[in-house]
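A look at the structure
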Amino acid sequence: MRKLLSLARELNSIGPANNDRVSAVRVALSVAVPTLFLLAIGRPELTLYAVFGGLTAMYGRNESHQRRLKHQLQAAVVLLGGVTVGTFLAVNHIHSWALVLVEAILAGLGSIYSDRVRLKPNGPFFGILALGACASVPLTVPFGVAVLIAAASASFSLLVGFAGWIRVRTWKSGATRRAPALAPRLRQAAVVHAARYVTAVGAAGAVGVLSGSGYPHWAMAAAAVPLAGADMPSAVNRGIHRIVGTFLGLGVVAIVLFPGPLSPLQYLPETAVLVALVIICQFCTELFMTRHYGWAMVFFTPVILLMTELAAHTDPGRMIKERAAETLVGALTGIAVVVLIRSRRRRPGKPAAAAGADLP
């Protein structure tokens, strides 16, 4: 009983603020400018690609300008890689089992890369999410244009992240992100961590395909969430946060998309409202991303679903139901994989392997 009460308190606790507003403004600005530009030229359906490029701003939140620049360049590899592969799959109408196979393999490769360069947020989650989302929507522009939009948005994020240098004008020699070669023990842990990603993402995607879901990539993305935890308790907590936060976020989406007096779509232009909500919810997501993952998911869920609605109109009821089901399946699969596939136990006196957490 005490353990359950302790878990409940931990799930509800919000961490201390740590420069969250500054980071949230950077992310919101990086997302807002490209998406508002697309709205202005009459192409809001391309918001998806701009937002995933803009998420580059999420990385290096409290680092110096030099370190943030390198960190965000490293993160852009994951994000733009996901957009590029996902868009290629969409162009060639590659879905179902082929999508599951490709995403599972790239999840493993992305895990190794993320652990090697020490990305924060940890792991390849946003690259996996970008891949699945871009693969699931019809492409209305040439392949190169979609990738270029994401790349331009990522480039703008780099400028926003480095803009503070204009004020300080200092360049510290040697102030770079250190990513030393992995020792054999940590290398083994990184391989085990990558195996978790391949197993969890592949298994969740397989369940999604077998169930006939139109959105198996949501299950694959949800399966990756617990794997970013530094240990088993944090992995379980992240999985629970993902489920509860997503369900609450779906309530927000239902209010917006279903006809009714509470929906702003009844009173204002639909496209402009959806774009504005994507920007606002992304700002709120970043406010809570490091303080409480569940609350972050309450706001991030509308970002993903409203972007999907902008890209291709769908039945909101079906979309919400499948998002809920795929999130539940994916998060539980990820938790199960963390429990079943563990790193070799360390000997007494030895520090814990940090793959999946913060590699030294």
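Structure first, text after, so check above.
Everything in this summary refers to the structure shown in the same document. Computed from a prediction, not measured in an experiment: that's the story for all the values here.

Each value, and the rule that gives it
Residues numbered from 1 in each chain as written. Predicted model: local features only at pLDDT ≥ 70, side-chain atom pairs only at ≥ 80, totals over all residues. Heavy atoms only, no water. Helix = DSSP H or I, 4+ residues; strand = E, 2+ residues; numbered from the N terminus. Buried < 20%, exposed > 50% of the residue type's maximum accessible area, 1.4 Å probe, protein only. Contact = heavy atoms within 4.5 Å. Areas by Shrake-Rupley, 256 points an atom, 1.4 Å probe, with all protein chains shown as cover. Axes fitted to C-alpha atoms, helices over the stretch in contact; angles between N-to-C directions. Nonpolar A, V, L, I, M, F, W, Y, C, P; charged D, E, K, R; others polar. Phe/Tyr/Trp six-rings, centres within 6.5 Å; stacked < 30°, edge-to-face > 60°. Lys NZ or Arg CZ within 6 Å of the ring centre and 35° of its normal. Parallel < 35°, antiparallel > 145°, perpendicular 65-115°, else oblique. Left-handed = near helix turned anticlockwise from the far one by under 90°.

Some points on the overall build of the protein chain
If you tally the helices and strands in the protein chain, you get 14 helices and 0 strands. Element order for the protein chain, N to C, with α for helix and β for strand: α-α-α-α-α-α-α-α-α-α-α-α-α-α. The buried share of the protein chain, reckoned over its 360 residues, is 52%. A separation of at least 24 residues holds for 81% of the contacts in the protein chain among residues at least 6 apart in sequence. With an accessible surface of roughly 16200 Å², the protein chain has 68% of that area assigned to carbon and sulfur atoms.

Overview of the packing of helix H3 (residues 47-54) against helix H13 (residues 293-311)
As a packed pair, H3 and H13 sit with axes 8 Å apart at the nearest point and diverge in direction by 145 degrees. Here Thr47, Leu48, Val51 and Phe52 of H3 come into contact with H13, specifically with Val303, Ile304, Met307 and Leu310. Among the residues making up the contact of H3 with H13, the classes are represented as 7 nonpolar, 1 polar and no charged.

Structural notes on the packing of aromatic side chains
Under the counting rule described, the total for this entry stands at 5 aromatic pairs. Taking 4.9 Å as the distance between ring centres and 75 degrees as the angle between the ring planes, the aromatic pair formed by Phe125 and Phe126 counts as edge-to-face. Like Phe125, the residue Phe126 is buried in the burial classification. Look at Phe288 and Phe299: their rings are 6.0 Å apart centre to centre, the planes differ by 10 degrees, and that puts the pair in the stacked class. Highlighted residues: Phe288 in helix H12 (residues 270-288) and Phe299 in helix H13, separated in sequence by 11 residues. Among the aromatic side chains, those forming a connected cluster through ring pairs are Phe125, Phe126 and Phe300. The residue whose ring lies beneath Arg323 is Trp218, and the NZ or CZ to ring-centre distance is 5.1 Å.

Here we look at the packing of helix H2 (residues 20-40) against helix H7 (residues 143-162)
Look at H2 against H7: their axes get within 9 Å of each other, and the N-to-C directions meet at 140 degrees. As far as their axial angle goes, H7 and H2 are oblique. Considering the relative orientation of H2 and H7, their crossing is right-handed. From H2, Arg26, Leu29, Ser30, Val33, Pro34 and Leu38 reach across to H7, where they touch Ile149, Ser153, Phe156, Ser157, Val160 and Gly161.

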